[in-house]
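Observations on chain architecture
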Amino acid sequence: MKLCRFKNGDDEVRIGLVTDDSALLDLSPAGITAMQSLLEGHDPVGKLKQIARNNLPRVALSEVQLCAPVERHEVWAAGVTYLRSKTARMEESDFSATAYDKVYAAERPEIFFKALAEKVVPTGEPVGIRRDARWNVPEPELALVINSRGQIVGHTIGNDMSSRDIEGENLLYLPQAKTYHRSCALGPWITLGTPEPAARAWKIKIEIRRNGQPVFGGETSVGQIKRGFEELAGFLFRCQVFPHGAILLTGTGIVPPDTFTLQERDMIAIEITGIGLLQNPVTVV
Ligand code: DO4
Ligand code: MG
């Protein structure tokens, strides 16, 4: 089941249940005005099935603007969870190579703060590349949607936009390489109720187009991730509270060649089978 936030023709934010590729059911007549009440409930899928039996307004997806599927969640990200990411990080940095090697093998994962909810970019809106960086890439990642009790209740698509030259220069620059204006996109919606073994079979694909032509494409499988979802969520919630829940990006397994950097107006399309498509143009910030 796919849960979304959208703006209707009057610019009001509503919650929708996406029924197929072309339509959603507006949940507001059923009293659902925020995703939170569903995500914090004990059986979000069962509750939604029950709600969907009502005669709810059907709205064409082409007529709405999708908002990022995040309300008051904090957005965090795990790193170096795929072998490809570890190798790329070690190549980009003499200074920090040992740290990446160690964290890939360590019990404790790398987890860093990524974005406030209000800063998250939805599908269709521009993601940013820093004007003071010369090597910028998208990081297509599966994102876990976690409620305040630490339970993984859904999945969405994340783009952990990153400046590799800043990150590679010095590990202490990670927050600047990772957390800046328009550096995090999430969407298009949340897929609810997929158990981890099924989600691990999903494919992650990315295509970057420049002037309409593909300039980079890549694919991996969620199953390539080294760590378990509960393990990552467990570390995020250890000695920490998230009263409104959290979103955790789970790391990238696709890294463009070292000669590639994003440019203004590139189009990034990230697909995760089982969820959908997150598409964003690129702008300089
Ligand atoms: O420390 C580097 C961050 C790595 C990352 O974001 C990833 O592997 O996805
Ligand atoms: Mg990442």
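Every chain begins its residue count from 1, and numbering advances along the sequence as written. Here the convention is simple: chains get letters from A, ligands get numbers from 1, in the order in which they are written. Confidence filtering applies because this is a predicted model: local features only for residues at pLDDT of at least 70, side-chain atom pairs given and counted only at 80 or more, and all residues used for totals across whole chains, interfaces and linings. The basis for every side-chain value is the complete set of heavy atoms in the structure, and neither hydrogens nor water enter the calculation.

Observations concerning the coordination of the magnesium ion (ligand 2)
We apply this condition: Counted as donors are the N, O and S atoms within 2.8 Å of the metal, or 3.2 Å for Na, K and Ca, while water is not among the atoms, so some sites may look incomplete. Secondary structure elements are taken from DSSP: a helix is a run of H or I of four residues or more, a strand is a run of E of two residues or more, and numbering for both begins at the N terminus. Relative accessible area decides the class of each residue, using a 1.4 Å probe on protein chains only: under 20% of the type maximum gives buried, over 50% gives exposed, and in between gives partly exposed.
Protein coordination at the magnesium ion (ligand 2) comes from Glu139 (OE), Glu141 (OE) and Asp160 (OD), with a distance range of 2.0 to 2.1 Å. Each donor residue of the magnesium ion (ligand 2) belongs to the same chain, and together they define the spacing E-x1-E-x18-D. Here Asp160 lies in strand E11 (residues 152-160) and Glu139 lies in the loop between strand E9 (136-137) and strand E10 (140-146), a separation of 21 residues in the sequence. Here Glu139 matches Asp160 in class, with each residue buried.

Comments concerning the sheet that holds strand E17 (residues 267-272)
The condition is simple: A pair of strands is considered paired only if DSSP assigns at least 2 bridges between the two. Inter-axis angles, ranging from 0 to 180 degrees, are taken between N-to-C directions of lines fitted to C-alpha atoms, where helices are fitted over the stretch in contact.
If you trace the 5 strands from one edge of the open sheet to the other, you get E8-E18-E17-E14-E15, paired in mixed fashion. With one partner strand each, in any of the chains shown, strand E8 (127-129) and strand E15 (213-221) form the two edges of the open sheet. On average, each strand axis in the sheet is inclined to that of its neighbour by 20°, with strand direction left out of account. As paired elements, E8 and strand E18 (residues 276-284) share 3 bridges and run parallel to each other.

Quick word on the packing of helix H3 (residues 83-92) against helix H4 (residues 97-105)
Basically, it comes down to this: Oblique is the label for every angle not falling under 35 degrees (roughly parallel), over 145 degrees (roughly antiparallel), or within 65 to 115 degrees (roughly perpendicular). Note on convention: near helix rotated counterclockwise from far helix by under a right angle means a left-handed crossing. Clockwise means right-handed. Contacts are assigned to residue pairs with any non-hydrogen atoms lying within 4.5 Å of each other.
Between H3 and H4, whose axes approach to 8 Å, the crossing angle comes to 165°. It follows from the interaxial angle that H3 and H4 lie roughly antiparallel. As for how H3 packs across H4, the hand of that crossing is left-handed. Residues Leu83, Lys86, Arg89, Met90 and Glu92 of H3 lie in contact with H4, whose contacting residues are Ala97, Tyr100, Asp101 and Tyr104.

Comments concerning the site of ligand 1
Put simply, the rule reads: Any residue with a heavy atom positioned within 4 Å of a molecule or strand is treated as near that molecule or strand. Whenever a nitrogen or oxygen atom comes within 3.5 Å of another N or O atom, the pair is scored as a polar contact, on the condition that within protein one atom can donate a hydrogen and the other can accept it, and that pairs from neighbouring residues in sequence are kept only if both atoms are in side chains. Computed by Shrake-Rupley with a 1.4 Å probe, the accessible areas treat only the displayed protein chains as cover when residues are assessed. For this classification, Asp, Glu, Lys and Arg are treated as charged, while Ala, Val, Leu, Ile, Met, Phe, Trp, Tyr, Cys and Pro are nonpolar and the rest, including Gly, are polar.
Around ligand 1 there are 15 residues in total, and Val80, Ser85, Glu110, Lys178 and Thr252 lie nearest to it. Glu139 places a polar side-chain atom, nitrogen or oxygen, 2.9 Å from an oxygen atom of ligand 1. Within the side chain of Asp160, an N or O atom sits 3.0 Å from an oxygen atom of ligand 1. For ligand 1, whose accessible area on its own is 280 Å², the fraction buried by protein is 100%. Put simply, the parts of the chain that give the shell around ligand 1 at least two residues each are H3, strand E7 (110-115) and helix H6 (174-178). Residues of the shell around ligand 1, tallied by class, amount to 4 nonpolar, 4 polar and 7 charged.

In short, the description is geometric, and any link to function would need to be established separately.
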